[in-house]
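Here is how the chains run, residue by residue.
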Amino acid sequence: MKTPIRSLVVLFVLLASLSAPLFAVGSEYSQALGVQGGRLAGVGISYQRWLDDFGYQVAGGLIYHPEMEYGDDELVYNIGLELQYPLVYHEANSWLAGMLYLVGGVHHQGYKKAEFVSDLDVYRSGPLTLNIGIGGGVGVESIFFKHFAISTEFVYVGMYEITSSTFVVDMYPQVSLRYRF
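The rules we used
Residues numbered from 1 in each chain as written. Predicted model: local features only at pLDDT ≥ 70, side-chain atom pairs only at ≥ 80, totals over all residues. Heavy atoms only, no water. Helix = DSSP H or I, 4+ residues; strand = E, 2+ residues; numbered from the N terminus. Buried < 20%, exposed > 50% of the residue type's maximum accessible area, 1.4 Å probe, protein only. Polar contact = N/O pair within 3.5 Å; in protein donor to acceptor, adjacent residues only side chain to side chain. Contact = heavy atoms within 4.5 Å. Pairing = 2+ DSSP bridges. Phe/Tyr/Trp six-rings, centres within 6.5 Å; stacked < 30°, edge-to-face > 60°. pLDDT = per-residue confidence, 0-100. Salt bridge = Lys/Arg side-chain N within 4 Å of Asp/Glu carboxyl O.

(A) Spotlight on the side chain of Arg180. By secondary structure assignment, the location of Arg180 is in strand β8 (residues 166–180). Residue class for Arg180 comes out buried when judged on its relative accessible area of 0%. One polar contact links Arg180 to Glu141, side chain to side chain, over a distance of 2.7 Å.

(B) Molecular detail of the environment of Glu74. Structurally, Glu74 is set in the loop between β3 (55–64) and β4 (75–93). Look at Glu74 and you get buried, because its relative accessible area is 14%. Taking the C-alpha atoms as reference points, Glu74 and Tyr64, 10 residues apart in sequence, are found 5.5 Å from one another. Among residues more than four places away in sequence, those in contact with Glu74 are Ile63, Tyr64, His65, Pro66, Met68, Lys112, Ala114 and Ser125.

(C) Representation of the pairing of β4. Bridge count between β3 and β4: 10 bridges; the pairing is antiparallel. Counted as the bridge partner of Tyr64 is Leu75 from β4. As paired strands, β4 and strand β5 (residues 96–118) are joined by 17 bridges and run antiparallel to one another. If you follow Pro86 over to β5, its bridge partner there is Tyr101. Hairpin connection between β4 and β5: a loop of two residues separates the two successive antiparallel strands.

(D) How the structure looks around the packing of aromatic side chains. Applying the stated rule across the entire model yields six aromatic pairs. On the numbers, 5.6 Å between centres and 90° between planes, the contact of Phe154 with Tyr156 is edge-to-face.

(E) Expanded view of the confidence of the model for the chain. Averaged over all residues, the pLDDT of the chain equals 87, while 84% of them reach at least 70. Low pLDDT, under 50, characterises residues 13–24; the predicted model gives this stretch 15 contacts beyond four residues in sequence or across chains.

(F) Spatial organisation of the pattern of salt bridges. For the structure on display, the rule yields four salt bridges. Between Arg124 and Glu115 there is a salt bridge, and its shortest N-O distance comes to 3.3 Å. On the basis of relative accessibility, which here comes to 28%, the residue Glu115 falls in the partly exposed class. Glu141 is the salt-bridge partner of Arg180, the closest N and O atoms lying 2.7 Å from each other. Within this pair, whereas Arg180 is found in strand β8, its partner Glu141 is found in strand β6 (residues 122–144), the two being separated by 39 residues in sequence. Grouping residues by exposure puts Arg180 and Glu141 together as buried. Members of the salt-bridge network, linked through shared partners, are Glu141, Arg178 and Arg180.

Put into structure tokens, the structure is as follows:
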């Protein structure tokens, strides 16, 4: 078989295998609440839900320091939405399970940096900077005692800064700790 045809066949088989999940998410606990830290997923409180064929997660946080003491930024907020597609789920025993999944998502962030004004430790609020991003990657979740989940993800994110019209693509690790219910 010629190389282009072989590549098309491999691509077709891969897409066909991803069109239906290889398993049903084994845990009877399809929702989770916890904390998330990641450039695509967001930083802060997270909520995750697994449906029949996919899962989603929303995470976000807000920091507001109107006095900007010690150079703390006046405002930082972010929100991320991820869609998660399960590839493999395995229960090792009654207290340990694991999952491999693909992830894709969008992220929005805004911040107002504290700008140093004088030697008297005076700060003023900088302009509002807005970012929007999109990305994807792969994640691994370990589930202990059917309730405690630790996820790590590795994602590529394209981030566009609206204020300065700059675009960067970078790679980031992400981590979450959740309680399934």
